[in-house]
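The primary structure of each chain is shown beneath.
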Amino acid sequence: MTRITRVELTSFRFEVEGLSLPRHGAAGVGNLIALKGGRMPAVRWAVRIFCEDGSEGAYVTHWVGTAASFAQAQMLAPHLIGRDPDTREQIWDDLKREVRAYDHMGHGPIDIALWDLAGRRAGMSVARMLGGWRKHLPTYASTYHGQDEPGGLDSPEAYAEYAAACKTRGFAGFKIHGWHDGNVRREIRTIHAVREAVGDGFPLMLDPACQLRTWMDALQVGRACDEAGFFWFEDPYRDSGISPEAHKRLREKLRTPLLTCEHVRGIELKTAFIMAGGGDMIHADPEYDMGITGAIKIAHVCEALGLDLQYHACGPAHRAVMAATRNTHFYELALVGPGMRNAVPPVYTCGYSDDEADLPAEGGMPVPDGPGLGVSYDWAFIERNKVADAVFTA
């Protein structure tokens, strides 16, 4: 047995070419748009856990990067000092209780780093530790939001052209993130244009990302998904995806399955949501849902209920849990678009990538099989671009 002696947290900044945020005050602030010549600043953070036997584990966030999540991680990190790192269940339960008054967004990356540590100490990949058998994951293209600026996804026709290209490229499906302004007519035109471009049978999904303004808007768009034979309809309108009664009533009027709970945190609330009839599938995310430990618990709840789930977004932890999950369909390559880079941090020194250009020719992203998460990080890059850090020791 060993003990945790040190935890380091580092927040860092980088830029992504060809992207921008909407103008301040515009609808959809906080969502990404294509902008030729644009350079969008992004912030992520890293956690490193060190033990007295010289072992260490680490994780660099793919999507979680807010000051609030970094602050929560600073609340939680001191509780690791002196603990046996293999008691992940007990640690998970203690950390969950510690931030019960918050949204838990600082918890997931710490739990993921503990799994990386365990895998490295055992000389096994996290995917294998979880019982994973998948080697390649059927991958769908998950787009950026549409925008009014010319270039990129600036029209229903542009979405259709890009969807056809993604099908030819070897993607297993295509998901539309629609329009910032919640324009129902344009959303519906996009749905039908994309289906016409890719033909029948190719899986299509729609995620308005809670941009439709009303329940009636969601109903209209959902009926268009029915007409076009979409695989799922996700987080449609401005309840922020958290009202089980509203989604139950929507389900009663639609044929397209509803994918819900991206913004509902944790096993208890997600279970309550689905038991209340609020969805057909649940979204889980190792970063958002209290780590690999939390995501696997959610997968098992869905399995017990006979339901499918989807893992939200991408990353090495996401690949590991999907490798071990039967009741799921696709790996989400989020986010992509014509001429747009994925806004994940450029920190890998091992060839790991979530860029569209690196989708293997046979389709489906590979599951890393090295010890731990199977990836290595450019710590010098993270240190050069550091904006804040915190260190906790015994």
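All residue numbers here refer to positions counted from 1 along the written sequence of the relevant chain. Selection of residues for local features in this predicted model requires a pLDDT of at least 70, selection of side-chain atom pairs for listing and counting requires 80 or more, and totals for whole chains, interfaces and linings are taken over all residues. Calculation of side-chain values draws on the structure's entire complement of heavy atoms; hydrogens and water are dropped beforehand.

**Q** Mind showing me how you'd approach the pairing of strand E11 (residues 308–311) here?
**A** Side-chain direction in a regular strand flips from residue to residue, so the side chains alternate between the two faces of the sheet. Following DSSP output, two strands are said to pair if at least two bridges run between them. Numbering of helices and strands starts at the N terminus; helices are DSSP runs of H or I of at least 4 residues and strands are runs of E of at least 2. In terms of strand pairing, strand E10 (residues 281–284) meets E11 through four bridges, oriented parallel. Bridging from a neighbouring strand, Ile282 pairs with Leu309 of E11. With helix H10 (residues 291–304) bridging E10 and the parallel E11, this β-α-β connection has right-handed handedness. Seen with the strands pointing away from the viewer, any crossover whose path from the first strand over the helix to the second strand runs clockwise is right-handed.

**Q** How should I be thinking about helix H5 (residues 156–169) in this particular structure?
**A** Between its first and last C-alpha atoms H5 spans 20 Å; for 14 residues at 1.5 Å apiece the expected length is 20 Å, and the two agree. Note on classification: 1.4 Å probe, protein chains only; a residue is buried when its accessible area is under 20% of the maximum for its type, exposed when over 50%, partly exposed between these limits. The set of residues buried in H5 consists of Pro156, Ala158, Tyr159, Ala160, Tyr162, Ala163 and Cys166. Trailing H5 by a residue or two, Gly170 shows a phi angle of about 115°, which is positive. In this scheme, a helix's expected span is set at 1.5 Å multiplied by one less than its residue total.

**Q** Explanation requested: the pattern of salt bridges in the structure shown.
**A** Two side chains with opposite charge may pair up if their charged atoms get near one another. The term salt bridge refers to a pairing of a side-chain nitrogen on Lys or Arg with a carboxyl oxygen on Asp or Glu at a separation within 4 Å. All chains considered together, the criterion is met by 24 salt bridges. Close ionic contact of Asp94 with Arg83 constitutes a salt bridge, the shortest N to O distance being 2.9 Å. Residue Asp94 is found in helix H2 (residues 88–98), and its partner Arg83 is found in the loop between helix H1 (67–76) and H2; the two are separated by eleven residues along the sequence. By relative accessible area, which is 34% here, Asp94 ends up partly exposed. Ionic pairing is found between Arg251 and Asp280, a salt bridge with its closest N-O pair at 2.9 Å. Of this pair, Arg251 sits in helix H8 (residues 244–251) while Asp280 sits in the loop between helix H9 (267–275) and E10; the two residues are 29 residues apart in sequence, bridging distant segments of the chain. Assessed through its relative accessible area of 23%, Asp280 is described here as partly exposed. One network of salt bridges, in which partners are shared, links Lys175, Asp207, Glu234 and Glu332.

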